[in-house]
Amino acid sequence: MNVGILISIFLVIFLLLVPFLFYKRSSKESLPTGSSGWLVIGETLEFLRAGWTGHPEKFVFDRVSKYSSLVFRTHLFGFPGVVFCGADGNKFLFTNDDKIVKPWHPKSFEKVFPTHAKSSTNEEGFKIRRNLAIILKPEALRCHIGTMDYNIGQHFSQMWENMEDVVMTKFVKPFANVAHGLISMPINLPGTSLNKAIKAAKSIREHLFPIIRRRKIELAEGTVMPDQDLLSHIISTEDDGDELNVADKILGVLLGGHDTVSSACTSVVKYLAEYSQVYERVYKEQMEIVNSKKNGELLNWEDISKMKYSWNVACEVMRLAPPVPSGIREAKVDFNFKGFDIPKDWKIFWSPYSTHINPEFFPNPHTFDPTRFESIGPALYTYIPFGAGPRMCPGNKYARVLILIFMHHLVKRFRWEKVIPDEKIIADPMLIPAKGLPIKLYPHSG
């Protein structure tokens, strides 16, 4: 075996052993019950296997029934940690971000986003959230609905119409490679997930660089305004002459927005194919909007506001198939939760499934029922596809508009059926169909 490969494997094993070698449990600590699993790998294989087999919630619920419905101890991705469950756990995490806990990313993150290694992840995250909050505020978003409608309509015209079959995930391969590599083992060798992610990120950046250069010229000439969009805002406020820095920021936003929305839209296609009565109500609502428009007239904010049942459907889809099936925080200090001691630097995992398919919060949780979201909807911190509290995803309103416009163009053009009726949805790391969700299209006559 190549000496370099052996050295890389040795270093990875050593890094994974660090938590075992240097952490000593105090006799006074009252850690949550749970399991550390196997030496070095902990329970990582069980966690990943649950996602790969189409049941990402199984890892959480098996341990909830065995240990605690509030919090249990585990060991994932080489680090000791705990999993917070239920609405109280969600509330604690989302209201204590940047105070008691902070976001955490594995080392592979810095390999894929090299400029992020120069500054703290928290600092970069704050900058991006600040920029997104400005660009994606409701009054700004309203101005872009027509453009979004036009672009999505063009996508359907070019990629869907005159097609008998479509594979939903064929459009997302480069982004999927990046996302998969972000939570992989930090081994950059040919064929590894991290290596594929680095190559995919480089390929996407190569497409971004000409766009960044052209936008710089447009800003200098005054033909576009600094607050026109996110790219203009980043160049105007944070450009230090390093195009890689700008490209990394844009790539991070594209990855977060693209993968989550793509996952949600793919799941919408799946569930509408499975529930014909739900499809009929969505179709009726969308066609009422179509018939109220002049030929060629683009959608506007009022049209989006009328898509109430469609959005209830999308919410129910994201309850059963949350685009991000888990998240990770890191303890900034020692703290106590529900009588249990959580040591500083431990990783804290959370999963939407702990509330999304919990009968305490959603009766008959495995039943697809969009009416759950009528009236006041779910209780606070029980429905968290976009997070909650101060760190709720700043793009949640953008995602809502994009998903609804996608549904509008989809149902007004087609009916469809799944080619593989029992296809699984797996977590890798986003929720995606195991076989890409091939569907057979039936265009509406006339």
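Just above sits the structure.
About the criteria used
- Residues numbered from 1 in each chain as written.
- Predicted model: local features only at pLDDT ≥ 70, side-chain atom pairs only at ≥ 80, totals over all residues.
- Heavy atoms only, no water.
- Helix = DSSP H or I, 4+ residues; strand = E, 2+ residues; numbered from the N terminus.
- Buried < 20%, exposed > 50% of the residue type's maximum accessible area, 1.4 Å probe, protein only.
- Contact = heavy atoms within 4.5 Å.
- Areas by Shrake-Rupley, 256 points an atom, 1.4 Å probe, with all protein chains shown as cover.
- Axes fitted to C-alpha atoms, helices over the stretch in contact; angles between N-to-C directions.
- Parallel < 35°, antiparallel > 145°, perpendicular 65-115°, else oblique.
- Left-handed = near helix turned anticlockwise from the far one by under 90°.
- Salt bridge = Lys/Arg side-chain N within 4 Å of Asp/Glu carboxyl O.
- Pairing = 2+ DSSP bridges.
- Phe/Tyr/Trp six-rings, centres within 6.5 Å; stacked < 30°, edge-to-face > 60°.
- Lys NZ or Arg CZ within 6 Å of the ring centre and 35° of its normal.
- Core = buried A, V, L, I, M, F, W, Y, C linked by side-chain atoms within 4.5 Å.

**Q** Quick one: what's the story with the overall build of the protein chain, residue by residue and with numbers?
**A** Scanning the protein chain from terminus to terminus reveals 17 helices and 12 strands. Considering the protein chain as a whole, with its 446 residues, one finds that 48% of them fall into the buried category. In the protein chain, 69% of the contacts between residues at least 6 apart in sequence involve partners at least 24 apart. When the accessible surface of the protein chain is totalled, it reaches about 21,800 Å², and 58% of it is carbon and sulfur.

**Q** Provide a residue-level description of the packing of helix 12 (residues 243-274) against helix 17 (residues 396-413), including the pertinent values.
**A** Remark: helix 12 packs on helix 17, axes separated minimally by 10 Å, with the N-to-C direction vectors making an angle of 40 degrees. Taken as axis vectors, helix 12 and helix 17 run oblique relative to one another. For helix 12 against helix 17, the interelement crossing comes out right-handed. Of the residues in helix 17, those touching helix 12 at Val261, Ala264, Cys265, Val268, Val269 and Leu272 are Ala399, Leu402, Ile403, Phe406, Met407, Leu410 and Val411.

**Q** Outline the pattern of salt bridges, listing residues and values.
**A** For the structure shown, the criterion picks out 20 salt bridges. Across the salt bridge formed by Arg63 and Glu43, the nearest N and O atoms sit 3.1 Å from each other. A residue pair is termed long-range when its members are at least 10 positions apart, and Arg63 in helix 3 (residues 57-66) and Glu43 in the loop between helix 1 (3-22) and helix 2 (44-52) qualify at 20 residues. Relative accessible area serves as the criterion here: at 5%, Glu43 is assigned to the buried category. A salt bridge links Lys293 to Glu297; the nearest nitrogen and oxygen atoms lie 3.4 Å apart. Judged by its relative accessible area of 17%, Lys293 is buried. In this structure, a network of salt bridges that share partners links the residues Lys102, Glu330 and Lys347.

**Q** Give a detailed account of the sheet that holds strand 12 (residues 438-443), specifying residues and quantitative values.
**A** If you walk across this open sheet you meet the 3 strands as 4-12-9, and the pairing is antiparallel. Whereas interior strands pair on both sides, the edge strands pair on one side only; in this sheet they are strand 4 (165-167) and strand 9 (414-418). When the angles between neighbouring strand axes are averaged without regard to direction, this sheet yields 35 degrees. Alignment of strand 4 against strand 12, held across 3 bridges, turns out to be antiparallel. The residue of strand 12 that forms the bridge with Asp165 is Lys440. Where helix 17 meets the sheet, its contacts fall on strand 9 and strand 12, and the angle it forms with strand 9 comes to roughly 90 degrees.

**Q** Can you explain the side chain of Asn312? Please cite residues and give values.
**A** With respect to the helices, strands and loops of the structure, Asn312 is situated in helix 15 (residues 308-320). Not counting residues up to four positions away in its chain, the partners in contact with Asn312 are Pro370, Phe373 and Glu374.

**Q** Could you give an account of the packing of aromatic side chains, with specific residues and numbers?
**A** Under the definition given, this model contains 21 aromatic pairs. Aromatic pair Phe47 and Phe77: ring centres 5.8 Å apart, planes at 80 degrees, arrangement edge-to-face. With Phe47 in helix 2 and Phe77 in the loop between strand 1 (71-76) and strand 2 (79-84), this residue pair connects regions lying 30 residues apart in the sequence. Among the aromatic side chains, those forming a connected cluster through ring pairs are Phe47, Phe59, Phe72 and Phe77. A cation over a ring is seen here: Lys270 above Tyr271, with NZ or CZ 4.9 Å from the ring centre. When the ring centre of Trp311 is taken as reference, the NZ or CZ atom of Arg400 above it lies at 5.8 Å.

**Q** Pulling in residues and values, what's your account of the nonpolar core?
**A** Residues Trp160 and Trp416 are the most contacted members of the largest nonpolar core, which totals 85 residues. With 12 residues, helix 12 is the largest single contributor of residues to this core.

**Q** Residue-level account of the sheet that holds strand 3 (residues 101-103), with values.
**A** Pairing in this open sheet of 5 strands is mixed, and the strands run 1-2-8-5-3 from one edge to the other. What marks the edges here is a single partner per strand, and that holds for strand 1 and strand 3. Sheet twist, expressed as the mean angle between neighbouring strand axes with direction ignored, is 35 degrees.

**Q** Give a description of the pairing of strand 5 (residues 327-331) that names residues and reports values.
**A** Most of strand 5 is tucked away, with 5 of its 5 residues classed as buried. Of the two faces of strand 5, the one lined by Gly327, Arg329 and Ala331 and the one lined by Ile328 and Glu330 are each fully buried. Where strand 3 lies against strand 5, 3 bridges are found, and the strand directions are antiparallel. Opposite Lys102, over in strand 5, you have Glu330 as the bridge partner.

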